[in-house]
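The residues making up each chain are set out below.
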Amino acid sequence: MPQWLTQILNEALFIGTITNLVRRLLTAFVTVGVFVILFLLWRGVSPQEMLSLFQRLVDVVQGRERRIDAPPDFREVMPSSWILVQTEPINIDGDPGGENDWLVIYRYDPMDRGPRGAIGGAIYDLQPDRYPANLATPRPFRPSSFIPYPLLPRPGGLGFLGESRVTAEVYDADGDPNKLELVVMGYSGYGDLVTHLSIFQWRGEPVGYGVISSTDSSVIYGDAGIEFVFRAPVTPAPGPTPTPLPLPRPDPPPIERVIVRRHLREPFYYARSRFARRIEYKWEGQPETRTLQPVANSLDFAYTRPAALEPGKLTYAVWYPEEAVLAHYQPGRVRDIILPPGTGLETTLNIVALVLSEGGEIWQVTWRATQLLDPSVKQMNQWSLEQIGGPSLP
């Protein structure tokens, strides 16, 4: 056999051996990988967690630092009956190292029916070990630990923040630019009705986050909704129009007032007209002790306020006479409305309104309400008002 043919055959045999060896190694690698994946699934590891572990392994092999902005699995430190809802990175405590903390929202008393159940929260503060020997270790490999600070808006360790869902924002809520606040809004039902408000501020170690919504450390609650009145933004000085930039959504301006509405069930005509108690909160106290405090209490509509059928006339398309009286006044002016005892289906009756004057005095104003029937709309009530006693107040 020629020498050149012998050399070709030897090289082909060598290549075939190498190819067969590579094929066997790949088969073994795939087999081991399948067994590892099945084992991890059996142990309850999710596909997302597997991908994170694989990425971490690749980073280590390639000598890259692992990203530290991925949320840890806080389910490992929660009771098994709790449900993790969301995690968000925040930083409002002024950590010198700039480490992100984590806002963790969870359901700690889930209900069997519907998307409801008590929702609570905590902030996990990433605190690096600051011993001199460890400070020389670069991030993210520096030894660190998470310190939990529960968000407790009520005394006695009660951490109820909402029912159906919770949203949170970090911004200057009280007008003190030296500090930021965590504004937590809790929702009830299936709509976008904010019914719970808790505002937290960093108070230092070991206190953690203190609630500044009110001095009695209670959540602000309104089952008919919570309304925010923000401070008017400062108008910039006249000048050339700047070129618009794709900037992120700006933070809200500081909160000036909070208006809370709570349904009223007594007396019966408050309930039928869906009246609510309107409580207005404002910031009180020095910047270091500032809290939201109730400053006004009045009667209001729980939802939509009706208007007069024609400007300047005291006729309202409402079902009940007390609605017409309340609709006549501006929000925040009526303290209470009194109907005669035994009121039933009268078409004419006298109604007393306790009205707040500009100076804070309460005046008694009497109205005669007369029911009108709109001939163009069947079963639609209209009530006309005539003042018969007391001062004329807007």
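In the block above lies the structure referred to throughout.
Residues numbered from 1 in each chain as written. Predicted model: local features only at pLDDT ≥ 70, side-chain atom pairs only at ≥ 80, totals over all residues. Heavy atoms only, no water.

*Asks:* Residues and numbers for the sheet that holds strand β10 (residues 226–230), please.
*Replies:* The antiparallel open sheet is built from 4 strands, whose spatial order is β10-β11-β12-β13. Two strands bound the open sheet, and with one partner strand each, they are β10 and β13 (291–301). Averaged over neighbouring strand pairs, the angle between their axes works out to 20 degrees when direction is ignored. Taken together, the 5 bridges between β10 and strand β11 (residues 255–263) define a ladder with antiparallel strand orientation. (Pairing = 2+ DSSP bridges. Helix = DSSP H or I, 4+ residues; strand = E, 2+ residues; numbered from the N terminus. Axes fitted to C-alpha atoms, helices over the stretch in contact; angles between N-to-C directions.)

*Asks:* Run through unusual backbone geometry, naming residues and quoting values.
*Replies:* With omega at -10 degrees, the peptide bond leading from Glu266 into Pro267 counts as cis. Looking at the element boundaries, Pro267 is found in the loop between β11 and α4 (268–272). Residue Arg274 is not a glycine yet carries a positive backbone phi of 55 degrees. Position of Arg274 relative to the elements: it lies in the loop between α4 and β12 (275–284).

*Asks:* Break down the sheet that holds strand β15 (residues 334–338) for me, with residues and values.
*Replies:* Taken in spatial order, the 5 strands of this open sheet run β14-β18-β17-β16-β15, and their pairing is antiparallel. Either end of the sheet is taken by a strand with one partner, and the two such strands are β14 (315–316) and β15. For β15 and strand β16 (residues 348–356), the ladder comprises 4 bridges, and the chain directions are antiparallel. Opposite Ile337, over in β16, you have Ala353 as the bridge partner.

*Asks:* Go over the side chain of Gln201, please, and point to the residues and values.
*Replies:* Examined against the element boundaries, Gln201 turns out to sit in strand β7 (residues 194–202). A polar atom in the side chain of Gln201 sits 2.6 Å from the side chain of Glu181. Not counting the four nearest positions on each side in its chain, Gln201 is found in contact with Asp174, Lys179, Leu180, Glu181, Gly208, Tyr209, Gly210 and Ile212. (Polar contact = N/O pair within 3.5 Å; in protein donor to acceptor, adjacent residues only side chain to side chain. Contact = heavy atoms within 4.5 Å.)

*Asks:* Go over the packing of aromatic side chains with me, naming the residues and quoting the values.
*Replies:* Summed over all chains, the structure comprises 13 aromatic pairs. Ring plane angle 65 degrees and centroid distance 6.4 Å describe the contact between Tyr106 and Tyr108, whose orientation is recorded as edge-to-face. For Tyr108, a relative accessible area of 28% gives the class partly exposed. Among the aromatic residues, those joined into a ring-pair cluster are Phe268, Tyr269, Tyr270, Phe275 and Phe301. Seen from the ring of Tyr187, Arg165 lies directly overhead, with NZ or CZ sitting 3.9 Å from the centre. (Phe/Tyr/Trp six-rings, centres within 6.5 Å; stacked < 30°, edge-to-face > 60°. Buried < 20%, exposed > 50% of the residue type's maximum accessible area, 1.4 Å probe, protein only. Lys NZ or Arg CZ within 6 Å of the ring centre and 35° of its normal.)

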